[in-house]
Amino acid sequence: MRYPLACLLFLAGWAQDWSKRQAELARLGKDIRVTQAEFEYAYAKAHGGWAQAAQHAPEQYRAYLQAYLDFRRKVAEAQQRKLDTSRAFREEYESYLRQLAKPYLLEKEVLDTLLRKLYDRYREEIRASHILVSVREGDTASAYQKAMALRDSFLQGKRSFEELARLYSDDPSAASNGGDLGYFSVFDMVAPFEEAAYGTPPGSVSMPVRTRFGYHLIYVKARVPHAGQRKAAHILVRWGPTYAAKDSIQAERRIREVYARLARGEKWEDLARDFSDDPMTASRGGELGWMRLLPEMEEVKRQLPAGSYSEPFRTRFGWHILKVLEVKPIGSFEEMRSELKSRLQRDERYRTAERRYFDERAKALGYQENTPIREQLYKALDTLYPDLEGAFTNLTAALLDAPLFTLAKQKHTVRAFLTYWSENRGLQAARKLTPEVFSEALQAFLQEKILDREIPTLSKRYPEFELLRREYYYGVLFFNISEQEVWRKAVEDTAGLRAFYEQRKADYPAQERLEVIEVQGADSAGLAELPRRLPEASLLALDSLNRAGRYGWRILPQFVEKGKATALYEAAFSNGARGWTPLQGQGRDWKIAYVVRKLPAGYKTFEEVKVDLIQKYQEELEKRWLERLRAAYPAKVHEKVLARLFR
């Protein structure tokens, strides 16, 4: 059983009306309440979300309610048998709960705030230029001083920002574009650059900002409302010995001819295919998709409405005509939340915010690290890693039982940390122990301990989390009780299954047939030897021979009816003889079969129908079980509450 974490999305529809939705929708027996919120959550999750579920008719709600009440009856039966008190249940349930708690907690404590901030930024675009000062051989001080000197030169009016960029920027494109970046918005730049750009007023230059590329000075020229995402296509004409246009004059003449033909109504896709010198896009109508383009192309693109195309313009790559295929306006926060979230979770600032959150929680819980023990453990593991399990026998008991850190006055030992680390293979990818590898494992362990303290209070802090917690709790119980009463029982109850067969074997009429073991393969010589090597064949003997000889045969035990038999089995039906059929086939497709027995017309045997029988027996067991449960837990539905679902 697995539950997708996407279920977090279904909470938004009613989280604000939590108290009103605690009304009792139905009662099972004397004590089991099913609330409006619980049912709406389950229904929305099964039917594509809150908005879609709200469009459904009352009859649909009523039909699903009956199925949901049967589900809750099964859960009630599991509770009555105290299945939720077993160790296996607690371990499985707590594992699911932990998988859910961390993303939910981060969604509430980290993501929501960040997403709002990013959405506010996304509604605007920035036009900026930059100067890059690379950091050479780790000399950050010199790079920073150079960046400050360039900033001072600009502020004192000695040179324009564009001139400084052309002369001193380590961005190779600055020599031709003066550091111009065009318009950009959220996620278009690395996070520190974006932060600095949005924090700098138009007409101003930022302080030096460090990214993985070096130090940047950012000159913000303008900050304007976002023009919307634009899907574009272009026709590009280049010049040179390998192109139709040999120089820039011929290229301009050629692009203007294309422009004139567009004006006469010729199809864009045909002209792109015939004239564009962009081999990556010409065959698909010049389509560039939604990506950011060169600054000068972005300037043109953002001014074009959907379906229109530009006049010819020139870049360092050649002459272009740009067309906007589609415009996607900036939607509301709710409409864009999923897209922003997906991009944010791949961005470095999310990991930074996550780490900051856990650092703050650790501080609030009085985290104290035992630095001498940490250093002693690191040195001891240096010769043992990656054999973490071996550490338990190689390290002294005094070190294993020493406290590694204290959190909320509770001590967490080296032994507990190594147990966690050895059980989490994802933290053992590195083959060599480094301070970074050790710190990552220790931070993950600390986060687990913080989560242990946060999980019990989540339902109180966020009442809607109770729906998620309860879903997992009910789900594990439902699986366990269903396995006992139906799924496993249908397989293991051999006597019951045979009795079920005897009652229904008339449903399985059969003609005269053979029980055979067919062997297929590409090696005709090897198959031809089978009658000599295994005069009395069995499935076990054939499997063993196949593995030992690595023949790669396909071995297919089956029942073959007379009316459906191929030529391979004609002789066996005639004489009813037990044994091997002749070898048949050609090329690399050969087969031979061992006839186990000939069966008379009548009914199919228990073995022939066992798979189908198990499925039908499960259905019968389910039916009988539900009859008992419905009698034990009669339902009372409150019609007034049912009438106001999803309102």
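The structure displayed is predicted, hence computed values, not measured ones.

Caption draft 1: Structural detail: helix α10 (residues 268-275). Taken together, the buried positions of α10 are W268, L271, A272 and F275. Summarising the axial view, the buried residues of α10 lie within an arc of 100°, below the 170-degree limit, and thus occupy one face.

Caption draft 2: Representation of the side chain of H56. Structurally, H56 can be placed in the loop between α2 (50-53) and α3 (58-80). Its relative accessible area of 19% is what places H56 among the buried residues. Of the polar contacts made by the side chain of H56, one reaches the side chain of Y43; its length is 2.6 Å. Sequence-distant contacts of H56, that is, excluding residues within four places in its chain, are made with Y43, H47 and Y61.

Caption draft 3: Quick peek at the pattern of salt bridges. If you walk through the whole model with that rule in mind, you get 67 salt bridges. Across the pair D112 and R337 runs a salt bridge, and its minimum N-O distance is 2.3 Å. Taken as a pair, D112 in helix α4 (residues 87-122) and R337 in helix α12 (residues 333-344) lie far apart in primary sequence, 225 residues in all. Among the salt bridges present, the one from R166 reaches E162, with a minimum N-O distance of 2.6 Å. Here R166 and its partner E162 are both found in helix α6 (residues 161-168), 4 residues apart, which amounts to about one turn of the helix. Given the relative accessible area of 42%, E162 is considered partly exposed. Bridged by salt links that share partners, the residues K117, R121, E194, E195, D347 and R349 form one connected network.

Caption draft 4: Highlighting the pairing of strand β4 (residues 180-184). Taking burial as the measure, the 5 residues of β4 include 5 buried ones, the bulk of the element. With 3 bridges joining them, strand β3 (residues 124-133) and β4 adopt antiparallel strand pairing. Across the sheet, the residue bridging to S129 is D180, located in β4.

Caption draft 5: Spatial organisation of the confidence of the model for the protein chain. In this model, the protein chain carries an average pLDDT of 92, and 97% of its residues clear a pLDDT of 70 or more. Of the regions scoring below 50 in pLDDT, residues 1-14 engages in 44 contacts with residues more than four places distant in sequence or in other chains.

Caption draft 6: Focus on the packing of aromatic side chains. Enumeration according to the criterion identifies 42 aromatic pairs in this entry. Where Y104 meets F465, the ring centres are 4.8 Å apart and the plane angle is 50°; that geometry is what we call tilted. Here the residue Y104 occupies a position in helix α4, and F465 occupies one in helix α19 (residues 465-492), the gap between them amounting to 361 residues. Residue Y104 is classed as buried on the basis of its relative accessible area, which comes to 2%. Note that R116 overlies the ring of F333, its terminal NZ or CZ placed 3.7 Å from the centroid. The side chain of R469 reaches across the aromatic face of Y473, ending 5.8 Å from its centre.

Caption draft 7: Geometry of the packing of helix α17 (residues 414-423) against helix α18 (residues 435-461). Look at α17 against α18: their axes get within 10 Å of each other, and the N-to-C directions meet at 100°. Between α17 and α18, the interaxial angle falls into the category roughly perpendicular. Together, A416, F417, Y420 and W421 of α17 and V437, F438, A441, L442, A444, F445 and E448 of α18 make up the contact between the two elements.

Caption draft 8: Spotlight on the sheet that holds strand β5 (residues 209-211). The 4 strands lie next to each other as β4-β3-β6-β5, forming an open sheet whose pairing is antiparallel. In this open sheet, the two edge strands, each paired with only one partner strand, are β4 and β5. Sheet twist, expressed as the average angle between the axes of neighbouring strands with direction ignored, equals 40°. In terms of strand pairing, β3 meets strand β6 (residues 214-225) through 10 bridges, oriented antiparallel. Its bridge partner being in β6, H130 is matched across the sheet by I218. Of the strands in this sheet, β3 and β6 are in contact with α6, which crosses β3 at around 45°.

Caption draft 9: Summary view of unusual backbone geometry. Put simply, Y385 and P386 share a cis peptide bond, and its omega is 10°. You can see P386 is positioned in the loop between α14 (371-381) and α15 (388-394). Phi at K82 takes a positive value of approximately 60°, unusual for a residue other than glycine. Checked against the element boundaries, K82 lands in the loop between α3 and α4. In this structure K82 comes out as exposed when scored by relative accessible area, which is 55%. At K409, a position not held by glycine, the phi torsion is positive, near 70°. The exposure class of K409 is exposed, given its relative accessible area of 83%.

Caption draft 10: Up close: the packing of helix α1 (residues 36-46) against α19. At their nearest, the axes of α1 and α19 sit 11 Å apart, and the two run at 75° to each other. In terms of orientation, α1 and α19 fall into the roughly perpendicular class. Contacts from A37, E38, Y41 and K45 in α1 reach L467, L468, R470, E471 and Y474 in α19. Tallied by class, residues from the contact of α1 with α19 come to 5 nonpolar, no polar and 4 charged.

Thresholds applied
Residues numbered from 1 in each chain as written. Predicted model: local features only at pLDDT ≥ 70, side-chain atom pairs only at ≥ 80, totals over all residues. Heavy atoms only, no water. Buried < 20%, exposed > 50% of the residue type's maximum accessible area, 1.4 Å probe, protein only. Helix = DSSP H or I, 4+ residues; strand = E, 2+ residues; numbered from the N terminus. Arc of directions from axis to C-beta. Polar contact = N/O pair within 3.5 Å; in protein donor to acceptor, adjacent residues only side chain to side chain. Contact = heavy atoms within 4.5 Å. Salt bridge = Lys/Arg side-chain N within 4 Å of Asp/Glu carboxyl O. Pairing = 2+ DSSP bridges. pLDDT = per-residue confidence, 0-100. Phe/Tyr/Trp six-rings, centres within 6.5 Å; stacked < 30°, edge-to-face > 60°. Lys NZ or Arg CZ within 6 Å of the ring centre and 35° of its normal. Axes fitted to C-alpha atoms, helices over the stretch in contact; angles between N-to-C directions. Parallel < 35°, antiparallel > 145°, perpendicular 65-115°, else oblique. Nonpolar A, V, L, I, M, F, W, Y, C, P; charged D, E, K, R; others polar.

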